[in-house]
Every structure is written in structure tokens, then in C-alpha cells.
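# Summary of the model geometry
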Amino acid sequence: MSLAEITPLSAPRVELKSLDTLWFQVGGTVCNLACTHCFVSCSPTNHTHEMLSLAEVRRYLEEAARLGVREYYFTGGEPFLNPEMEAILAATLEVGPATVLTNGLLLDPGRCARLKALADASDYSLDFRVSLDGWDEASNDPIRGAGTFEKILAGIRNLHAAGLNPVITVTEVCEGAAGDEGKERFFALLRSLGIERPRLKILPVFRIGAEAGRSGAYESWQRLREGEVPDGALDHLQCSSCRMVTDQGVWVCPILVNEPEAKMGETLADTLGDFPLEHPACWTCHVYGVSCRT
Amino acid sequence: MSFRPPKDLDEQARQARAKLTAHRDMATWGEKLVPLAAFRQAAARKGLKLAQGDRESAVLAYTAGLDDPTPVEGPYSRIAVFGGIYSNHLALLELLEDAARRGAEAVYCLGDLGAFGPNPEKVRPLMAQGQVLSIQGNYEESLASGREDCNCGYTDPRDNHFAEISYRYTERNCSPEFKAWMGTLPRRRRVRVGERELLLVHGSPRRINEFLFHSTAPVPFLEVLLDQSRCDGLLATHTGLHWHRRLPSGRDVVNVGVIGRPANDGRTNVWYAMIEAREEELGVELVPLAYDHLGLAAEMRSEKLPEEFVETVLTGWWTTCLEILPARERAVSRF
């Protein structure tokens, strides 16, 4: 077989059906942790993307309102390292519902009380996702860092005490987490903290960033090829309804911010076109039906 | 087999430090570390940079109204609109009397005739008798097309478990004729009330099972949705929770709620909407409706429907379908 014959066909292109979900890389790639599986390799010294200012977020919120964006998500890095984070949430909650993805380390009782006040003052939902990668120190700390299990639990307790019930996000790096038994262990852990209605989201692993070093990068066959994806299947991909804002412009989705190729423009209006699903991470989203939304 | 000596702790500490400082003046580009400036320059070159006029055109094209050949019914001065019967024929009976008493000229149903409650066929003669004009909900779409599930749009295993019990029961207890009739119902209707043209859908104008909750259907989103749908008002159901939002443009969005089960507020009544033409605005009244909920609970028990469902009818609190609730709606929920 000649090389020409095995050269993959071109990647399918996904259209933006509607811009419903706008993500902000509000913490940049700066994090107070350096988890071994982080697909954007965030760490205290990673300035690939810088934090977003309130002024920058406002500019995009205005444009997003004109386009009828439905919901806003904030991630990083660690969003609460951003000194303007609470002001950013207040501004966002004037125009729509917001969800913050946090590692839980900076959720002291005072901050949680202020976040509850923000939630109560808005017509729209304010929700939190706290990342945890094990049901005890032994399973979580090797991934998220020494001593983090207890600190994350303290953050979850503080949110709960303030009247906020976060979704606990677990990646499949935690072995067995996705099975019924694994989920039950997380539910039991959360109930032991007094949380009567535990909420859990399990995410598959993207083998990029730090995770590529941990478990190995994608194989060459793990790509989407035009004609192999059934009609309509692409509508379920989150890139058909989302965009991601960083300090360097607008990217197609939250996963590919470390790929300059995945940057689509400077303003949201620049990014209303389609996007080629060339990256192996696109394969993960399609095969596992991933959505970064809650 | 190769032998690998165990790493000592100093080595681990050294690696941890190296990881923390790896990004000094460096950036991650795919799987490589590159100088920060190289990443930023590459990113600056990528993506579109439309001229201001082209950006404006792109936004206008995106928000432009879409053609919709749906015929316009009416005009009326007053209509009753309800959703989600969920086989609650006792509430439907009350609704038809209440709407007539209030002078409704037409009665519209936004779909989901079956689910949750007992004996779905009992709904059919009441619909005919009350001359109810209906659209398809996801239930009708699924039953008429022989789908394996209700396509309610739940994501939680427990929610899906109870949804499956509901769907199997309803599927078993609906005649083929009833199911075929469901398939003949339109997906949407356009109804003129006074000067205003209202769009009636089950979930949203975009998807039959899209959830429009009050706390996650923000004003800017609804304004664009109504622009794209070319209507002066939007009436939907599907979430089970009623609300009304008047937009800055003066248009109205109403989730009319459901008459099949209570609104997760500790009260046993259900809800529907009266819509009327007024001089300056659309009159929207969300109407609480009491019905023989004890009778419904007894019938559900005799049909051996889950006790969790019966509890909801008796207490007004949802025991299932809870994971779809946004944070705000969930916070005021008992379970």
C-alpha cells in the first residue's frame, strides 16, 4: 500500500449551530496546583495565557449579549487567583447564568458567603464545579498534589455551609470513578460532609498537556476523518455551540487553548464560522460524547 | 526484562520542582514546550480578523429571522395555554372548566400528553371534547415514531431510570391509533392574540427537548431567540416549572408550566397560562389550578406506578427529574 493510499482523508468540519456557551480562560494558565493530568499543563509559572481583566470580560459580555449567548463558564488555571474574579461574576450575572470551575483551594468561608450573596442577588443561576480526583488522600494527592485532598474538602464544606452545592468533577484518571461503585464512593464521601444532594460529573481524560506525559499521547489512528462521522453526530459536540475567550483571542473550545491552530479570531463575530476537527482531542469528544458543560 | 531502580525521594522532589518551574518564560504548544514569545506570535497570526463592517454583517446574519411557513391561527382576544398533561386527566378536566369560565376562545396544549400519571387513554376524549389544539411534545414524537425512550433530555441515571418506567407504562397503555394521531400533531403553532403573533413550541424553537428554565434563559438569549424565530412572544413548556419574562423589547416569553404534576413548591396545585390581548401589552396570567390530586394518587397506586411519583402528587415536591434543575431552581427544591 502506498503512502498516498493511507493518508487520512480531510477532517470533518463542525458548524457553529448557535453560540450558547461562552467560556472564559479567566485564570489564564496560572494555577496554584500543577496536577499531573492537566490537559492545559497549568502551574504557578505557566503564563501561556494570562488572566483576563474585568474590562476584557465586559467587552466580550457585551458582544455575547448581542449574539444571545445563553450561559457563561469560567475556568483557568484557577479562577479565584484572579483578583477581579468576584467583580467579573457580578458583571456576568447581570446578563446570564454563570458556572465557575475551581480547584477549591481558595474557597474560604468569607469568599463563600460573598459568592452566595452574588447568587442571591441575580435572576440567574450561579453554579460551581470543584475538581477532586480521588475519594481519599491516597488516591487524590498523587494527582493533585500533597495535602490537597483535605484542602479541597474544606473548600467544599465552606461552599456547602454558605448554601451553595457544587458539582464535584472527577476525571477518569481516578481509577474506577466512572463505575457505579466508584460514583457511590464519591456520593458517600460527600454525604459524610453533610451534603444531602451530592452532585458529580465524571470527565474522560484528554491525552494532551501534562496528561500526555503521564499516560502517553494520542495514537495516530485516533483522528476524525470526513465521511466516518454519521450525519447529525457533530451537533452533539460542544464546539457546535461554544467558544472560549482567552487574553489572546477567541478559541474554538476550552480543550484546545494550547493549540494556536484552534484560535478562531479576535472577537466573537470573527468566530461564527465552522472549524475542522483535526485534533486528536476532537476524537475523544466525539467517541466519549464529552461536554465540558455541567 | 529491564531493571529500574526505585526513584529516591530527592529525585521526586527535584522532579516536582522542575515541573513547577518548567514554564518560566515558556509556553505549552501542543505537546511541546516553546519560548513564550513563539506561542504568542503564532497565536497572534491565527484566526480571522474581520473588518468592522464585516463583523457587523456577521452578527446581523447570525441573529436574522428564519423563514417559518407555519400558518398563523386566530386572531383571538383570549386563549388558555397549558403543557405536560402527563396523563393527569383529572387536572385536564378542571382546566377545561376553568378556561371556559375565564372566557378562553381557544385552548392550546404544548405537548407531553402522557408520562408520569395513570391511564393515558383517558386524556384523549377530554382533548376532543374540549377542542384542545395541541402540538407534539417529545413524548408524542417518541411514541408516534416508535422510539425506545422518551427523549426527555435527562443526563442522570436515576432520572433516566424513572423516565424509563414512565415511558414503558405509557407506551404499553396507549393504543396504536392514539399513537398514530399523536404523530399527526404539528411541531409548532403560530397564534395571533390581538396584534401579536405568538410562537407555541414544546421545549424551544430550536429543539423539542431544550429546557427553558427561568434562571438559565437570560434576557439577551431570549431576545435573539425571538428575533431568529420572528415572533412577538414565545410560549413553551417541557421543564415543568412556570415563569414569565417580559423582555426590554416589550415581547413576552412564558413557560406555561405543566398540568401533569405540581411545580416543586410544596403545593399540590398545578399551573397553566391565560393569554389575552390588551391595549399596550400582552396580558399574561399564570393560573394555579387545584384538582382532585387525592383521586389521582389513588389511581396511580392502583396502576402500580412508582410510589415516588405518588409522593410528588401528594406533597407538591419533586422526587425525580431533579438533576436537570439549574442551581437556582434546585436550591429551593426539597430534594
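The structure under discussion appears in the preceding block.
### A look at the pairing of strand S3 (residues 71-75) of chain A
Residue and element names in this part refer to chain A.
- S3 sits mainly inside the fold: five of its five residues count as buried.
- Here strand S2 (residues 21-25) runs beside S3; their pairing, made up of five bridges, is parallel. Of the residues in S3, the one forming a bridge with Trp 23 is Tyr 73.
- In terms of handedness, the path from S2 via helix H2 (residues 54-66) over to S3 forms a crossover that is right-handed.
- Sheet analysis places S3 next to strand S4 (residues 98-102), joined by three bridges and oriented parallel. Opposite Tyr 72, over in S4, you have Ala 98 as the bridge partner.
- With helix H3 (residues 85-92) bridging S3 and its parallel neighbour S4, the resulting β-α-β unit is right-handed.

### Digging into the interface of chain A and chain B
- Counting residues at the interface gives 51 residues for chain A, matched by 55 residues for chain B.
- Taken together, the two surfaces of chain A and chain B that pack against each other cover about 4,200 Å², and 51% of this comes from carbon and sulfur.
- Linking chain A with chain B are eight salt bridges.
- At the level of secondary structure, the elements contributing two or more residues to the side of chain A that touches chain B comprise H2, helix H4 (109-121), strand S5 (126-131) and strand S10 (263-265) of chain A.
- By residue number, the principal contributor to the side of chain A that touches chain B is S10 of chain A, which donates three residues.

### Describing the nonpolar core
- Among the nonpolar cores identified, the biggest contains 59 residues, and Phe 24, Tyr 72, Phe 74, Leu 89, Leu 126, Ile 156 and Leu 268 of chain A are the most heavily contacted of them.
- With residues up to four places along the chain from it excluded, the contact list for Phe 74 of chain A reads Phe 24, Val 26, Val 57, Pro 79, Met 85, Ile 88, Leu 89, Thr 92, Ala 98, Thr 99, Val 100 and Leu 101 of chain A.
- If you look at the next biggest cluster of nonpolar residues, it comprises 57 residues, including Phe 116, Leu 289, Trp 318 and Leu 322 of chain B.

### Focus on helix H4 (residues 89-101) of chain B
- An ideal rise of 1.5 Å per residue puts 18 Å on 13 residues; H4 of chain B measures up with 18 Å between its terminal C-alpha atoms.
- Immediately beyond the C-terminal end of H4 of chain B, within one or two residues, lies Gly 103 of chain B, with a positive phi of roughly 80 degrees.

### A look at helix H10 (residues 293-302) of chain B
Residue and element names in this part refer to chain B.
- Within H10, burial applies to His 293, Leu 296, Ala 297, Glu 299 and Met 300. When H10 is viewed along its axis, its buried side chains cluster within an angular range of 165 degrees and face the same direction.
- Looking at the buried positions of H10, the neighbouring elements they touch are H4 and helix H11 (307-315).

### A few points about the packing of H10 of chain B against H11 of chain B
Residue and element names in this part refer to chain B.
- Look at H10 against H11: their axes get within 9 Å of each other, and the N-to-C directions meet at 175 degrees. With respect to H11, the element H10 is oriented roughly antiparallel. Contact residues: His 293, Leu 294, Leu 296, Ala 297, Met 300 and Arg 301 in H10; Glu 307, Phe 309, Val 310, Val 313 and Leu 314 in H11.
- Here the contact of H10 with H11 is built from residues that sort into eight nonpolar, one polar and two charged.

### Looking at the environment of Tyr 218 of chain A
Residue and element names in this part refer to chain A.
- Examined against the element boundaries, Tyr 218 turns out to sit in the loop between helix H8 (210-215) and strand S8 (242-246).
- Once residues lying within four places of it in the same chain are set aside, the contact partners of Tyr 218 are Val 205, Phe 206, Arg 207, Ile 208, Arg 223, Pro 280, Ala 281, Trp 283 and Thr 284.
- Within the structure, Tyr 218 has its side chain in polar contact with the backbone nitrogen of Arg 207 (distance 3.4 Å).
- Of the polar contacts made by the side chain of Tyr 218, one reaches the side chain of Thr 284; its length is 2.5 Å.

### Quick word on the environment of Thr 268 of chain B
Residue and element names in this part refer to chain B.
- Mapped onto the elements, Thr 268 comes out in the loop between strand S11 (252-255) and strand S12 (270-277).
- Sequence separation of Thr 268 and Pro 218 is 50 residues, and the distance between their C-alpha atoms is 28 Å.
- When near neighbours in sequence (up to four residues on either side) are disregarded, Thr 268 contacts Pro 262, Tyr 291, His 293, Val 313 and Leu 314.

Rules of the game
- Residues numbered from 1 in each chain as written.
- Chains lettered and ligands numbered in written order.
- Predicted model: local features only at pLDDT ≥ 70, side-chain atom pairs only at ≥ 80, totals over all residues.
- Heavy atoms only, no water.
- Buried < 20%, exposed > 50% of the residue type's maximum accessible area, 1.4 Å probe, protein only.
- Helix = DSSP H or I, 4+ residues; strand = E, 2+ residues; numbered from the N terminus.
- Pairing = 2+ DSSP bridges.
- Right-handed = clockwise from strand over helix to strand, strands pointing away.
- Contact = heavy atoms within 4.5 Å.
- Buried area = accessible area lost by both parts, 1.4 Å probe.
- Salt bridge = Lys/Arg side-chain N within 4 Å of Asp/Glu carboxyl O.
- Core = buried A, V, L, I, M, F, W, Y, C linked by side-chain atoms within 4.5 Å.
- Expected span 1.5 Å × (residues − 1).
- Arc of directions from axis to C-beta.
- Axes fitted to C-alpha atoms, helices over the stretch in contact; angles between N-to-C directions.
- Parallel < 35°, antiparallel > 145°, perpendicular 65-115°, else oblique.
- Nonpolar A, V, L, I, M, F, W, Y, C, P; charged D, E, K, R; others polar.
- Polar contact = N/O pair within 3.5 Å; in protein donor to acceptor, adjacent residues only side chain to side chain.

Fair warning: the whole summary comes from geometry, so function is off the table for now.
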